[in-house]
Amino acid sequence: MKLRIITSNPGKAVEFRHALGGLGFDIEHGDEDCDEIQADTLQEVVLSCLSQLRGRGLGDYALDDSGLFIDALDGFPGVYSSYALRTIGIDGILRLLDGREDRSARFECCIGCSFRGEELTVQGKCEGTIAHRPSGTGGFGFDPIFVPSGYDGTFAEMSIDVKNGISHRGRAIQALSAALKEKV
Ligand code: ITT
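All figures in this text were calculated on a predicted structure; none of them were measured in a lab.

**Q** Would you take a moment to explain the state of the cysteines for this structure?
**A** Cysteine pairs can be covalently joined through their sulfur atoms, and such a bond is termed a disulfide. With the rule as written, the count across this model stands at 1 disulfide. The residue that forms a disulfide with Cys34 is Cys49, at a sulfur-sulfur distance of 2.1 Å. Handedness of the Cys34-Cys49 disulfide follows from its S-S torsion of about -100°: it is left-handed. You can see Cys34 sitting in the loop between strand E2 (26-30) and helix H2 (42-53) and its partner Cys49 sitting in helix H2, a full 15 residues away along the chain. Taking the relative accessible area as the measure of exposure, Cys49 reaches 7% and is therefore buried. Of the cysteine sulfurs around Cys109, a residue in no disulfide, the closest is that of Cys110, at 7.0 Å. What makes Cys109 buried here is its relative accessible area of 1%.

The following block contains the structure:
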């Protein structure tokens with residue numbers, strides 16, 4: 001099954017390729033212009049992108065919108081994660097948590113997919129905590145400060161396959177694969 005992954009983020013494309021390649025998908029990577037609307041949920045952003053991409057002759061494709069939701073910050077940066085990373089960055093997030101005891105957080109991912117003319121969305125979550133300092137060189141984005149529950153190290157200290165096995169995106173990809181396999 002051929003599937004085009006639409007993202008401007010090469011780190012995401014690599015994770016999709018690793019996870020779906022192993023499940024028998026033939027993955028292509030492309031970038032397409034899609035205005036990320038300001039919305040309260042990842043799913044609203046994804047549904048808007050799916051509708052903007054309709055009719056562009058892209059074949060079967062998937063895209064995702066993800067965010068880091070920090071409990072002590074009432075869910076910030078959440079749907080504003082990309083803006084927060086570009087502006088205050090990882091150091092800014094760590095400063096906001098200075099002196100806070102509760103460092104619990106979760107990554108969430110919503111994947112939208114257009115497959116044989118039908119659109120679907122699936123979600124995945126990963127619970128964890130925000131580390132006191134960045135560590136690791138793998139991954140991308142907030143990976144150096146996110147420690148998934150049950151692990152000692154950050155996402156940035158894991159191989160792609162280990163991260164995919166437990167991450168928000170890895171879980172959403174599993175759900176996507178199961179949903180698509182039912183349609184063929
Ligand atoms: P596209 O929308 O083009 O796919 P993006 O990087 O803007 O790329 P998102 O809006 O989904 O993707 O991501 C919001 C932010 O969260 C962004 O700064 C990412 O780097 C970060 N992020 C997303 N998934 C992540 C992950 O698995 N690990 C660490 N950071 C992640």
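And the narrative resumes.
**Q** Can you walk me through unusual backbone geometry in this structure?
**A** Backbone phi values are negative for most residues with the exception of glycine, while trans is the configuration of most peptide bonds. Looking along the chain, the bond that leaves Phe76 and enters Pro77 is cis, with omega of 0°. Position of Pro77 among the secondary structure elements: in the loop between strand E3 (61-70) and helix H3 (81-87). At Asp74, a position not held by glycine, the phi torsion is positive, near 55°. Relative to the assigned elements, Asp74 resides in the loop between E3 and H3. Given the relative accessible area of 76%, Asp74 is considered exposed.

**Q** What's the story with the sheet that holds E2 in this structure? I'm lost.
**A** Two pairing modes exist for strands in a sheet, parallel and antiparallel, and in both the strands are linked by backbone hydrogen bonds. Judged by pairing direction, the sheet is mixed, and its 6 strands sit side by side in the order E2-E1-E3-E4-E5-E6 without closing on themselves. Only two strands of the sheet have a single partner each, and these edge strands are E2 and strand E6 (146-148). Each strand of the sheet is rotated relative to its neighbour by a mean of 35°, with strand direction disregarded. Helix H1 (residues 10-21) contacts strand E1 (2-6), E2, E3 and strand E4 (104-115) of the sheet and is inclined by roughly 170° relative to E2.

**Q** What is the right way to read the pattern of salt bridges from this model?
**A** Between side chains of opposite charge, pairing is possible as soon as their charged atoms come close. In this structure the tally under the stated criterion is 12 salt bridges. Of the charged contacts, one joins Asp64 and Lys12 as a salt bridge, the two residues approaching to 3.0 Å between their closest N and O atoms. In this pair, Asp64 sits in strand E3 while Lys12 sits in helix H1, placing the two residues 52 residues apart along the sequence. Considered together, Asp64 and Lys12 belong to a single accessibility category, that of buried residues. Ionic pairing is found between Asp71 and Arg106, a salt bridge with its closest N-O pair at 3.1 Å.

**Q** Is there a simple way to think about the packing of aromatic side chains in this case?
**A** Each pair of aromatic rings is reported with the distance of its centres and the angle of its planes. Applying the stated criterion across every chain, the model contains 3 aromatic pairs. With 5.9 Å between their ring centres and 20° between their planes, Phe107 and Phe155 make a pair best called stacked. Linking Phe107 in strand E4 with Phe155 in the loop between E6 and helix H5 (160-166), this pair joins segments that are 48 residues apart in sequence. Phe155 matches Phe107 in its accessibility class, with the two residues each being buried. Centre to centre, the rings of Phe146 and Phe155 are 5.1 Å apart; their planes meet at 45°, and the pair counts as tilted. Judged by relative accessible area, which is 1%, Phe155 ranks as buried. Grouped by ring-pair contacts, the aromatic residues Phe107, Phe146 and Phe155 constitute a single cluster.

Thresholds applied
Residues numbered from 1 in each chain as written. Predicted model: local features only at pLDDT ≥ 70, side-chain atom pairs only at ≥ 80, totals over all residues. Heavy atoms only, no water. Disulfide = S-S within 2.5 Å. Helix = DSSP H or I, 4+ residues; strand = E, 2+ residues; numbered from the N terminus. Buried < 20%, exposed > 50% of the residue type's maximum accessible area, 1.4 Å probe, protein only. Pairing = 2+ DSSP bridges. Axes fitted to C-alpha atoms, helices over the stretch in contact; angles between N-to-C directions. Contact = heavy atoms within 4.5 Å. Salt bridge = Lys/Arg side-chain N within 4 Å of Asp/Glu carboxyl O. Phe/Tyr/Trp six-rings, centres within 6.5 Å; stacked < 30°, edge-to-face > 60°.

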